[in-house]
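Here is what each chain is made of, one letter per residue.
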Amino acid sequence: MTNITIINGPNLNMLGEREPSIYGSGSLAEIKTICEKKAGMLGVEIDFKQSNHEGEIISWIQEASHNADALIINPAGFGHTSIAIMDTLLAIKIPAIEVHLSNIYKREEFRHNTYSSRAVKGVITGLGAFGYILAMEALCLK
């Protein structure tokens, strides 16, 4: 394992401002810093991205299938709505893990299901930024 792409979906650029009681007070930039530190400890490179646009996320997943060894995705709200993202995840050959900062099972019922979870190796939910670290460790296990 040498390269992990980390893709973050809509509104995650607003972390720290948006509903801190649910998502915490940390920013996405802070999560990126934590992930970069962990990547250094694991001896891997990361490509950390965020978009509010579904098509851009789909393109990044396709690119990751050619340029990365593994993928971590926090699809945010798109996880609950995007069959297109699920189909793209199903099409790639690299392992992928889905991460959610909040515990989606303690929230509104419509958040309990994610289409994207059907297409990934595993899902980590409710552990905040630590979920990204656990996903990186899981992907680096040999």
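(A) Local environment of the overall build of the protein. Looking only at helices and strands, the protein features five helices and five strands. Across the protein, helices and strands are ordered from the amino to the carboxyl terminus as β-α-α-β-α-β-α-β-β-α. In terms of overall size, the protein behaves like a compact globule, its C-alpha atoms giving a radius of gyration of 14 Å where 142 residues would be expected to give roughly 14 Å. Projected onto its principal axes, the C-alpha coordinates of the protein cover approximately 35 × 30 × 25 Å. Considering the protein as a whole, with its 142 residues, one finds that 47% of them fall into the buried category. At a minimum sequence separation of 6, the contacts of the protein that also span at least 24 residues come to 76%. Surface accessibility of the protein: about 7,100 Å² in total, with carbon and sulfur atoms responsible for 51%.

(B) Structural detail: the sheet that holds strand β4 (residues 96-100). With parallel pairing, the five strands of this open sheet are ordered in space as β2-β1-β3-β4-β5. Two strands lie at the open edges of the sheet, namely β2 (45-50) and β5 (122-125), each paired on one side alone. Strand after strand, the sheet turns through a mean of 20 degrees between neighbouring axes, direction not considered. Here strand β1 (residues 3-8) runs beside β2; their pairing, made up of six bridges, is parallel. Of the residues in β2, the one forming a bridge with threonine 5 is aspartate 47.

(C) Layout of the nonpolar core. Of all hydrophobic cores here, the largest spans 24 residues; its most connected members are Ile4, Ile6, Ile72 and Tyr132. Those elements giving two or more residues to this core turn out to be β1, α2 (28-42), β2, β3 (70-74), β4 and α5 (130-140). No other element matches α5, which puts five residues into this core. Trp60, Phe78, Ala96 and Ala119 belong to the second-largest nonpolar core, a separate cluster that totals 18 residues.

(D) Quick look at the pattern of salt bridges. Evaluation of the coordinates by the stated rule reveals three salt bridges. Between lysine 38 and glutamate 137 there is a salt bridge whose closest N-O contact spans 2.6 Å. Residue lysine 38 is located in helix α2, and its partner glutamate 137 is located in helix α5; the two are separated by 99 residues in the primary sequence. For the salt bridge of aspartate 47 with lysine 49, the shortest nitrogen-to-oxygen distance reads 3.4 Å. Judged by relative accessible area, aspartate 47 falls into the partly exposed class, the value being 34%. On the basis of relative accessibility, which here comes to 18%, the residue lysine 49 falls in the buried class.

(E) Here's a closer look at the packing of α2 against α5. Their axes nearest at 10 Å, the elements α2 and α5 cross at an angle of 25 degrees. In terms of orientation, α2 and α5 fall into the roughly parallel class. Seen from above, α2 lies across α5 with right-handed handedness. Here Ile31, Ile34, Cys35, Lys38, Ala39 and Leu42 of α2 lie close against α5, whose contacting residues are Tyr132, Ile133, Met136, Glu137 and Cys140. Across the contact of α2 with α5, the residue classes tally to nine nonpolar, no polar and two charged.

About the cut-offs
- Residues numbered from 1 in each chain as written.
- Predicted model: local features only at pLDDT ≥ 70, side-chain atom pairs only at ≥ 80, totals over all residues.
- Heavy atoms only, no water.
- Helix = DSSP H or I, 4+ residues; strand = E, 2+ residues; numbered from the N terminus.
- Rg over C-alpha atoms; globule rule 2.2 N^0.38 Å.
- Buried < 20%, exposed > 50% of the residue type's maximum accessible area, 1.4 Å probe, protein only.
- Contact = heavy atoms within 4.5 Å.
- Areas by Shrake-Rupley, 256 points an atom, 1.4 Å probe, with all protein chains shown as cover.
- Pairing = 2+ DSSP bridges.
- Axes fitted to C-alpha atoms, helices over the stretch in contact; angles between N-to-C directions.
- Core = buried A, V, L, I, M, F, W, Y, C linked by side-chain atoms within 4.5 Å.
- Salt bridge = Lys/Arg side-chain N within 4 Å of Asp/Glu carboxyl O.
- Parallel < 35°, antiparallel > 145°, perpendicular 65-115°, else oblique.
- Left-handed = near helix turned anticlockwise from the far one by under 90°.
- Nonpolar A, V, L, I, M, F, W, Y, C, P; charged D, E, K, R; others polar.

Function cannot be read off these values alone, since they describe shape.
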